[in-house]
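What follows is the residue order along each chain.
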Amino acid sequence: MTPRIKAVEHLGQYRLALTFTDGTQAELDFREKIIGRGGVFAPLEDVNTFKRVVVDDEVGTIVFPGEVDFCPDTLYEEAFQLSPA
């Protein structure tokens, strides 16, 4: 099973620091995932709404207002690609 997210910190604008259950840490920019996508993502274009992100401990991912979430497997893959070897 892919590690899940255990902590999140808003770093400014659309950047988040994620910590996974295996200790992997990464800073990810969500701008391309949010801006211009519309639908459930439209409210997240407001940084004040975006920064209200929390970790859902039951499913191990991040959740934004309006119950918008991202697949923790996908986020881990992105984090792993960005982590130093």
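Let me sum up the structure you'll find in this document. (Residues numbered from 1 in each chain as written. Predicted model: local features only at pLDDT ≥ 70, side-chain atom pairs only at ≥ 80, totals over all residues. Heavy atoms only, no water.)

This part covers the nonpolar core. Residues Phe30, Ile62, Phe64 and Leu75 are the most contacted members of the largest nonpolar core, which totals 21 residues. Of all the secondary-structure elements, those providing two or more residues to this core are strand S2 (15-20), strand S3 (25-29), strand S5 (61-64) and helix H3 (72-82). Other than its neighbours up to four places away in sequence, isoleucine 62 contacts Ile5, Val8, Leu16, Leu18, Phe30, Val53, Val54, Val55, Val68, Asp69, Phe70 and Leu75. (Core = buried A, V, L, I, M, F, W, Y, C linked by side-chain atoms within 4.5 Å. Buried < 20%, exposed > 50% of the residue type's maximum accessible area, 1.4 Å probe, protein only. Helix = DSSP H or I, 4+ residues; strand = E, 2+ residues; numbered from the N terminus. Contact = heavy atoms within 4.5 Å.)

Let's shift gears to the packing of aromatic side chains. The final tally for this structure, using the stated rule, is 8 aromatic pairs. Taken together, a centroid distance of 5.1 Å and an interplanar angle of 80° make the contact between phenylalanine 20 and tyrosine 76 edge-to-face. With phenylalanine 20 in strand S2 and tyrosine 76 in helix H3, this pair connects stretches of sequence that are 56 residues apart. For the residue pair phenylalanine 20 and tyrosine 76, the accessibility class agrees, reading buried in each case. Judged by centre distance (6.5 Å) and plane angle (65°), the ring pair of phenylalanine 30 and phenylalanine 64 falls under edge-to-face. (Phe/Tyr/Trp six-rings, centres within 6.5 Å; stacked < 30°, edge-to-face > 60°.)

The next thing to look at is the sheet that holds S2. Sheets are built from strands paired through backbone hydrogen bonds, the pairs being either parallel or antiparallel. Strand order across the open sheet formed by 3 strands is S1-S2-S3, with antiparallel pairing between neighbours. The open sheet has two edge strands with one neighbour each: strand S1 (5-12) and S3. Ignoring strand direction, the axes of neighbouring strands in this sheet form an average angle of 25°. (Pairing = 2+ DSSP bridges. Axes fitted to C-alpha atoms, helices over the stretch in contact; angles between N-to-C directions.)

As paired strands, strand S4 (residues 54-56) and S5 are joined by 3 bridges and run antiparallel to one another. Note on S5: the bridge partner recorded for aspartate 56 is threonine 61. Turn length for the S4-S5 hairpin, with the two strands adjacent in sequence and antiparallel, is 4 residues, and the turn residue glycine 60 shows positive phi of about 70°. The hairpin formed by S5 and strand S6 (residues 68-69) contains 3 residues between the paired strands, and glycine 66 there has a positive phi angle of roughly 85°.

Glancing now at the pairing of S2. Every regular strand shows the same layout, with side chains that alternate between the two sheet faces. In terms of residue burial, S2 counts as a mostly covered element, since 5 of its 6 residues are buried. In terms of strand pairing, S1 meets S2 through 6 bridges, oriented antiparallel. By the bridge assignment for S2, isoleucine 5 is matched with phenylalanine 20. Remark: 2 residues form the turn of the hairpin made by S1 and S2, two consecutive strands paired antiparallel; glutamine 13 in that turn has positive phi of roughly 50°.

Attention shifts here to the pattern of salt bridges. Here the structure, examined in full by the defined rule, presents 3 salt bridges. Aspartate 73 serves as the salt-bridge partner of arginine 4, at 2.5 Å between the closest nitrogen and oxygen. Highlighted residues: arginine 4 in the segment before S1 and aspartate 73 in helix H3, separated in sequence by 69 residues. In this structure, glutamate 27 engages arginine 15 in a salt bridge whose closest nitrogen and oxygen atoms are separated by 3.3 Å. Of this pair, glutamate 27 sits in strand S3 while arginine 15 sits in strand S2, and the two are 12 residues apart along the sequence. For glutamate 27, a relative accessible area of 47% corresponds to the partly exposed category. (Salt bridge = Lys/Arg side-chain N within 4 Å of Asp/Glu carboxyl O.)

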